[in-house]
Amino acid sequence: MTSEIRETAMPPEALFRALGDTTRLRCLMLLLREGELCVCELTEALALSQPKISRHLAHLRDAGITDVRRDGTWVFYRVAENLPSWARAVLKATFEGNATGETFVEDLDRLKKMVGRPARG
């Protein structure tokens, strides 16, 4: 049995509004690189408060850009599987064009140095 993921309709302004905010863009860059991250990992990587990160992740989730998964007390985010292909292409191009930028490299470095990262179950 094959499971086909149906793309959702998404108005372009929803994606571009999300990308227009630095915190949300930084979160998306890390999610694209890592696949899935816990709120605590994003908090550490971006060196921002948990409420601020959670507020921006909620915006991404409500816009249909990310999916959320709970595992006990951990809350993990990833880029939505049913994101339209045009939106995925925009995110991929954004990532590829900025993956060596100073801010992203610093965020990734902080993430890699994080002690006590949650295990994936």
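Structure shown above.
Rules and cut-offs
Residues numbered from 1 in each chain as written. Predicted model: local features only at pLDDT ≥ 70, side-chain atom pairs only at ≥ 80, totals over all residues. Heavy atoms only, no water. Pairing = 2+ DSSP bridges. Helix = DSSP H or I, 4+ residues; strand = E, 2+ residues; numbered from the N terminus. Contact = heavy atoms within 4.5 Å. Axes fitted to C-alpha atoms, helices over the stretch in contact; angles between N-to-C directions. Parallel < 35°, antiparallel > 145°, perpendicular 65-115°, else oblique. Left-handed = near helix turned anticlockwise from the far one by under 90°. Core = buried A, V, L, I, M, F, W, Y, C linked by side-chain atoms within 4.5 Å. Buried < 20%, exposed > 50% of the residue type's maximum accessible area, 1.4 Å probe, protein only. Salt bridge = Lys/Arg side-chain N within 4 Å of Asp/Glu carboxyl O.

> So what exactly am I meant to see when it comes to the sheet that holds strand β1 (residues 37–38) here?
Sheets are built from strands paired through backbone hydrogen bonds, the pairs being either parallel or antiparallel. The strand order β1-β3-β2 describes an open sheet built from three strands, whose pairing is antiparallel. If you trace the sheet from one side to the other, it starts and ends with β1 and β2 (66–71), each paired once. Looking at chain direction, β1 and strand β3 (residues 74–79) are connected through two bridges and run antiparallel. Note on β3: the bridge partner recorded for Cys 38 is Phe 76. Set on the sheet, helix α2 (residues 22–34) makes contact with β1, β2 and β3; between it and β3 the angle comes to about 85°.

> Would you take a moment to explain the packing of helix α1 (residues 12–19) against helix α5 (residues 85–98) for this structure?
Geometry of a packed helix pair, given as the angle between the helix axes and the separation of the axes. At their nearest, the axes of α1 and α5 sit 11 Å apart, and the two run at 20° to each other. Taken together, the axes of α1 and α5 are roughly parallel relative to one another. Both α1 and α5 take part in a crossing whose hand is right-handed. Here Pro 12, Leu 15, Phe 16 and Leu 19 of α1 come into contact with α5, specifically with Trp 86, Ala 87, Val 90 and Leu 91.

> How do you make sense of the pairing of β3 when you look at a structure like this?
A regular strand places its side chains so that they alternate between the two faces of the sheet. Inspection of the sheet shows β2 paired to β3 by six bridges, in the antiparallel sense. Opposite Arg 69, over in β3, you have Phe 76 as the bridge partner. Linking two consecutive strands that pair antiparallel, namely β2 and β3, is a turn of two residues; a positive phi of about 65° is found at Gly 72 within it.

> Please explain the nonpolar core as it appears in this structure.
Soluble globular proteins: nonpolar side chains tend toward being buried together. Counting residues in each nonpolar core, the largest one holds 30 residues, and the members touching the most others are Leu 30 and Leu 57. For this core, the secondary structure elements donating two or more residues are α1, α2, α3 (39–46), α4 (50–62), β3, α5 and α6 (102–113). Among the elements that take part in this core, α2 stands out by supplying five residues, more than any other. For Leu 30, the residues in contact, after removing those within four places along its chain, are Gly 35, Leu 37, Leu 42, Ala 45, Leu 46, Phe 104, Asp 107, Leu 108 and Leu 111.

> What is the right way to look at unusual backbone geometry in this model?
Negative phi values dominate among residues other than glycine, just as trans dominates among peptide bonds. Unlike most non-glycine residues, Ala 47 shows phi in positive territory, near 55°. Looking at where Ala 47 falls in the secondary structure, it is placed in the loop between α3 and α4.

> Quick question: what am I supposed to make of the side chain of Thr 43 here?
In this structure, Thr 43 sits in helix α3. In this structure, Thr 43 is in contact with Leu 48, Ser 49, Gln 50 and Ile 53, ignoring residues within four places of it in sequence.

> Honestly, the pattern of salt bridges in this entry has me stumped. Any pointers?
Oppositely charged side chains can pair when the atoms bearing their charge come close. Following the criterion strictly, the structure yields twelve salt bridges and no others. Across the salt bridge formed by Arg 61 and Asp 62, the nearest N and O atoms sit 3.4 Å from each other. With a relative accessible area of 34%, Arg 61 lands in the partly exposed category. Residue classification places Asp 62 among the exposed positions, given a relative accessible area of 62%. Residues Glu 81 and Arg 78 are paired through a salt bridge, measuring 4.0 Å at the closest nitrogen-oxygen approach. Bridged by salt links that share partners, the residues Glu 36, Arg 69, Asp 71, Arg 78 and Glu 81 form one connected network.

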